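Below are the chains, spelled out letter by letter.
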Amino acid sequence: MAIQDEVARIGEPVRRWANEQARGYDGGQGRPLGGFLGAMGVYSAAVTAAATVVRASGRELPARIPLGDAVLLTVGTFRLARRIAKDPVTSPLRAPFARFQGASGEAELAEDLRVEHGWKHAVGELVTCPFCLAQWVGTAFVFSYVAAPRATRLAALTMTMVAGSDVLQFAYDALQTSVTGGGEEPGGEDDDQAGRHAEQD
C-alpha cells in the first residue's frame, strides 16, 4: 500500500498539470484529450509492434515504391477509410460510439457521437471521421505492403476499383439528369405545356 501511495503522491503534480492544460485548451468544451492521448499511444504501440515483426522477419524495406503502387495504396486508403467511417454496412462497428442521424449522401450515413466525454468520445470521433481513419488505414496498408506486397496490391486494387465505380456512378447520374432534364416524370410540366400548344394549333 505504501508503494501505491508513493506513486500517487509522485503522480499528483503530473495529473494537476494535465488537468490545467486540458482546461486551458478546451475552453470548457470538455474535449477528450485523455482519450486522444490513449489513441496516440495505441497507434504508436501498433506501429512499434508492426515494425518489430517486420524486422524480425528479415524483410527489408523497399528502397522506393513504384508510382502505380503508391497511387493504388492512396486511393485504396481513401475508399477503405470512408467505407469504415460512413458506410451503412459498417455501422455495427460504429454503433457503440455513434448514433444514427440519417443519410448524408449516396450510400453514406450521418451520425452523432453517443458519449460527450472520455475515451468513448475519442474513439467515436476516430471511427466516424474518414480523414482521421486514413492515418490508421494508410499505416496498415504500408506495413501490409512490406510484409505481403502481392496480397496488399489486390486488397488496395479492390478498394480502388470501388472508388472508381463510385465516380462512374456519380458521372452516370449527372449525365442522366442532364439528358432527361432533371428526371421529370411523364405528365409533368413539359407534357402539360406540349398539350396546351397542341390545343392552340
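Our subject in this report is the structure included herewith. (Residues numbered from 1 in each chain as written. Predicted model: local features only at pLDDT ≥ 70, side-chain atom pairs only at ≥ 80, totals over all residues. Heavy atoms only, no water.)

## Section: the overall build of the protein chain
For clarity, the cut-off: By definition, any uninterrupted DSSP run of H or I lasting at least four residues is a helix, any uninterrupted run of E lasting at least two residues is a strand, and each is numbered from the N terminus. The cut-offs for exposure are 20% and 50% of the maximum accessible area for each residue type, with area from a 1.4 Å probe on protein chains only; residues under the lower value are buried, those over the upper are exposed, and the others partly exposed. In what follows, residue pairs with any heavy atoms lying within 4.5 Å of each other are defined as contacts. Areas reported as accessible are Shrake-Rupley estimates using a 1.4 Å probe. Residue values count occlusion only from the protein chains shown.
Tallying secondary structure elements over the protein chain gives eight helices and two strands in all. Buried positions account for 22% of the 201 residues belonging to the protein chain. Counting only contacts in the protein chain whose residues sit at least 6 apart along the sequence, the fraction spanning at least 24 positions is 55%. Only carbon and sulfur atoms are counted for the fraction: they give 62% of the accessible area of the protein chain, which is about 14,100 Å².

## A short note on the packing of helix α2 (residues 33-57) against helix α6 (residues 130-147)
Note the following rule: Only the stretch in contact is used when a helix axis is fitted, and all axes are lines through C-alpha atoms; the angle between N-to-C directions ranges over 0 to 180 degrees. Note on terminology: angles under 35 degrees are roughly parallel, angles over 145 are roughly antiparallel, angles of 65 to 115 are roughly perpendicular, and the others are oblique. Side-chain classes follow a simple rule in which Ala, Val, Leu, Ile, Met, Phe, Trp, Tyr, Cys and Pro form the nonpolar group, Asp, Glu, Lys and Arg form the charged group, and the remainder, Gly included, forms the polar group.
α6 packs onto α2 with a crossing angle of 5° between their chain directions and a minimal axis gap of 10 Å. What the angle tells us is that α2 and α6 run roughly parallel. Contacts between α2 and α6 involve Ala-39, Val-42, Tyr-43, Val-47, Ala-50, Ala-51 and Val-54 from the former and Gln-135, Trp-136, Thr-139, Phe-143 and Val-146 from the latter. For the contact of α2 with α6, a count of residues per class yields ten nonpolar, two polar and no charged.

## Brief notes about the pattern of salt bridges
Threshold: We count a salt bridge whenever a side-chain nitrogen from Lys or Arg sits within 4 Å of a carboxyl oxygen from Asp or Glu.
Under the defined criterion, the tally for this structure stands at five salt bridges. A salt bridge links Asp-166 to Arg-79; the shortest N-O distance between them is 2.3 Å. Residue Asp-166 is found in helix α7 (residues 149-180), and its partner Arg-79 is found in helix α3 (residues 67-86); the two are separated by 87 residues along the sequence. On the basis of relative accessible area, Arg-79 is assigned to the buried category, the value being 7%.

## Some details on the pairing of strand β2 (residues 108-113)
What counts, and what does not: One bridge is not enough; two strands pair if DSSP finds at least two bridges between them.
Pairing of strand β1 (residues 98-105) with β2, which is carried by six bridges, proceeds in the antiparallel orientation. Looking at the pairing, Arg-99 lines up with Asp-112 of β2. Linking β1 back to β2 in an antiparallel pair, the connection comprises two residues, with Ala-107 at a positive phi of about 55°.

## Quick word on the packing of aromatic side chains
As a reminder, the rule being used: Paired rings are identified among Phe, Tyr and Trp, the last through its six-membered ring, by centres lying within 6.5 Å, and are further divided according to the angle between planes into stacked (under 30 degrees), edge-to-face (over 60) and tilted (the rest).
Overall, the coordinates contain two aromatic pairs when judged by the stated rule. A centroid spacing of 5.3 Å and a plane angle of 70° characterise the contact between Tyr-43 and Trp-136, whose relative ring orientation is edge-to-face. Of the two residues, Tyr-43 sits in helix α2 while Trp-136 sits in helix α6, which places them 93 residues apart along the sequence. We classify Tyr-43 as partly exposed; its relative accessible area is 22%.

## Some details on the side chain of Lys-86
Selection criterion: When charges are counted, neither His nor the chain ends are considered; positive counts come from Lys and Arg and negative counts from Asp and Glu.
As for its position among the elements, Lys-86 is in helix α3. Here Lys-86 sits buried without a salt bridge, and the closest side chain of opposite charge, Glu-108, lies 5.8 Å off (N-O distance). Discounting residues that sit within four places of it in the chain, Lys-86 has contacts with Arg-94, Ala-107, Glu-108, Leu-109, Thr-128 and Pro-130.

## Digging into unusual backbone geometry
At Ala-107, a position not held by glycine, the phi torsion is positive, near 55°. With respect to the helices and strands, Ala-107 occurs in the loop between β1 and β2. Of the residues examined, Ala-107 reaches a relative accessible area of 57% and is grouped as exposed.

## Section: the environment of Ala-110
As for its position among the elements, Ala-110 is in strand β2. Judged by relative accessible area, Ala-110 falls into the partly exposed class, the value being 24%. Here the alpha-carbon distance between Ala-110 and Ala-85, two residues 25 residues apart in the chain, equals 9.7 Å.

## Some thoughts on the packing of α3 against α6
As a reminder of what qualifies: Crossing chirality is assigned from the near helix's rotation relative to the far helix, an anticlockwise turn below a right angle marking it left-handed and a clockwise turn marking it right-handed.
The contact between α3 and α6 brings their axes to 8 Å, and the two run at 135°. Judged by the angle between their axes, α3 and α6 are oblique. Like other packed secondary-structure pairs, α3 and α6 cross with a definite hand, here right-handed. Between α3 and α6, the residues in contact are Asp-69, Leu-73, Gly-76, Thr-77, Leu-80, Ala-81, Arg-82, Ile-84, Ala-85 and Lys-86 and Pro-130, Leu-133, Ala-134, Val-137, Gly-138, Phe-141 and Tyr-145, respectively. For the contact of α3 with α6, the residue count by class is eleven nonpolar, three polar and three charged.

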